[in-house]
Amino acid sequence: MTTERIAVVTGASRGAGKGIALALAQPGTTVYVTGRTVEPGRADLPGTIGETADEITRRGGTGIAVAVDHSDDDQADALFDQVRADHGRLDILVNNATALPAGLTEKGPFWNKGLGLLDLHGVGLRSTYVSTYYAAPLLIETGGGLVVHTSSFGGTCYMHGPAYGSGKAAVDKMAHDMAVDFTPFDVAVVSLYMGLLKTERTLTAFEANPQMYAGLAATAETVEFPGRIIDALSRDPKRMERSGQILIGAELATELGVTDVDGNQPPSHRRFLGDPPTFSAAVVE
């Protein structure tokens, strides 16, 4: 068994998941990265779980790639069985795996878009619940841990339509309710609103039309920024005081003294996109 810090980041072949995993890559930290892409060129965008794991190791951590299709509950179960067998502990779980169906960002009413958008629920929403379900025994035994659901302002404003918005809103409420169950075991759960990220997908759009996206590009966050915030939150003595909350990443970064990799302090979009919801403290069992 090991006493080193153990983290799991789901959906980490590319994008936010990859950035978060890389930001956690430090000596003494083992990061399990999951996803479906194991061979270069098999997806529309670059990135594989193996490449992410290798970069983690190059940065001084220990990266372990585990191929997981998060639409399959049994594969998620096997992932945490592996973590238990390897280390017997889990300190950080980041639920980032989701589906990005075709047509997600197309304009127009939801009835003109395909029902494939519901994969946002079948994979993104469901996998958040399932991964935390199977991780819970390890998190409880370890104690002092952190669970983060990656989310966005889509949970509080109209963004990409009702399939996307309801998925994010549900993830937010799930963090609140899971926190109630985890509190006696010193495990914090939060939902983290990320800003516009410089993912492989958005960078391609920026490069294709730099004049159109100049304003957005200027305030966009690198994919490692949320990971830096998560790392700082996991070490924060007030970690449990934030459990059950929806946190705006840019605002939390300011509170915790976290900057982006380029030294910038990305802005909060609360003013334009609204306040995250708050939930009642009532508990009905």
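Up top you'll find the structure we're talking about.
Here the structure is a predicted model, which is why all the values come from computation and not from measurement. (Residues numbered from 1 in each chain as written. Predicted model: local features only at pLDDT ≥ 70, side-chain atom pairs only at ≥ 80, totals over all residues. Heavy atoms only, no water.)

## A few points about the overall build of the protein
Reasoning step 1: Along the backbone of the protein there are 10 helices and seven strands.
Reasoning step 2: Radius of gyration (C-alpha) of the protein: 18 Å, near the 19 Å computed for a compact globule of 285 residues.
Reasoning step 3: Dimensions along the principal axes, computed over C-alpha positions, put the protein at roughly 55 × 45 × 40 Å.
Reasoning step 4: For the protein, with 285 residues in total, the buried portion stands at 49%.
Reasoning step 5: Considering only residue pairs separated by 6 or more positions, the protein has 72% of its internal contacts joining residues 24 or more positions apart.
Reasoning step 6: As presented, the protein carries roughly 13500 Å² of accessible surface, and 53% of it is formed by carbon and sulfur atoms.
Reasoning step 7: Separation between the mean location of the 23 positive side-chain charges and that of the 34 negative ones in the protein comes to 5 Å. (Helix = DSSP H or I, 4+ residues; strand = E, 2+ residues; numbered from the N terminus. Rg over C-alpha atoms; globule rule 2.2 N^0.38 Å. Buried < 20%, exposed > 50% of the residue type's maximum accessible area, 1.4 Å probe, protein only. Contact = heavy atoms within 4.5 Å. Areas by Shrake-Rupley, 256 points an atom, 1.4 Å probe, with all protein chains shown as cover. Lys, Arg positive; Asp, Glu negative; His and termini not counted. Charge placed at Lys NZ, Arg CZ, Asp CG, Glu CD.)

## Observations concerning the sheet that holds strand E7 (residues 246–248)
Reasoning step 1: Judged by pairing direction, the sheet is parallel, and its seven strands sit side by side in the order E3-E2-E1-E4-E5-E6-E7 without closing on themselves. Two strands close off the open sheet at either side, each with one partner strand: strand E3 (62–67) and E7. The mean angle between the axes of side-by-side strands here comes to 20 degrees, regardless of whether they run parallel or antiparallel.
Reasoning step 2: In this structure, strand E1 (residues 5–9) lies alongside strand E2 (residues 29–35), joined through five bridges in parallel fashion. (Pairing = 2+ DSSP bridges. Axes fitted to C-alpha atoms, helices over the stretch in contact; angles between N-to-C directions.)

## Notes on the packing of helix H3 (residues 73–86) against helix H4 (residues 119–142)
Reasoning step 1: At their nearest, the axes of H3 and H4 sit 10 Å apart, and the two run at 25 degrees to each other. One way to sum up the angle between H3 and H4 is to call them roughly parallel. Considering how the two elements wind past one another, H3 and H4 form a crossing that is right-handed. Across the interface between the two elements, Asp73, Ala76, Asp77, Phe80, Val83 and Arg84 from H3 touch Arg126, Val130, Ser131, Tyr134, Ala135, Pro137, Leu138 and Glu141 from H4.
Reasoning step 2: Tallied by class, residues from the contact of H3 with H4 come to eight nonpolar, one polar and five charged. (Parallel < 35°, antiparallel > 145°, perpendicular 65-115°, else oblique. Left-handed = near helix turned anticlockwise from the far one by under 90°. Nonpolar A, V, L, I, M, F, W, Y, C, P; charged D, E, K, R; others polar.)

## Quick word on the environment of methionine 194
Reasoning step 1: Looking at the secondary structure, you find methionine 194 in the loop between strand E6 (188–193) and helix H6 (200–208).
Reasoning step 2: For the pair methionine 194 and valine 223, spaced 29 residues apart in the sequence, the C-alpha separation amounts to 9.4 Å.
Reasoning step 3: Among all residues touching methionine 194, those that are not within four sequence positions of it are Ala16, Asn96, Thr150, Ser151, Ser152, Glu221 and Pro226.

## Considering the environment of proline 267
Reasoning step 1: The residue proline 267 is located in the loop between helix H9 (249–256) and helix H10 (270–273) in this model.
Reasoning step 2: Placed 16 residues apart in sequence, proline 267 and glutamate 251 show a C-alpha to C-alpha distance of 7.7 Å.
Reasoning step 3: The contact partners of proline 267, leaving out residues within four places of it in the chain, are Thr219 and Ala250.

## As for the packing of aromatic side chains
Reasoning step 1: The tally for this structure, following the rule as stated, stands at three aromatic pairs.
Reasoning step 2: Taken together, a centroid distance of 5.1 Å and an interplanar angle of 85 degrees make the contact between tyrosine 133 and tyrosine 134 edge-to-face.
Reasoning step 3: We classify tyrosine 133 as exposed; its relative accessible area is 52%.
Reasoning step 4: Looking at lysine 173, its charged tip hangs above the ring of phenylalanine 279, at a distance of 5.8 Å from the centre. (Phe/Tyr/Trp six-rings, centres within 6.5 Å; stacked < 30°, edge-to-face > 60°. Lys NZ or Arg CZ within 6 Å of the ring centre and 35° of its normal.)

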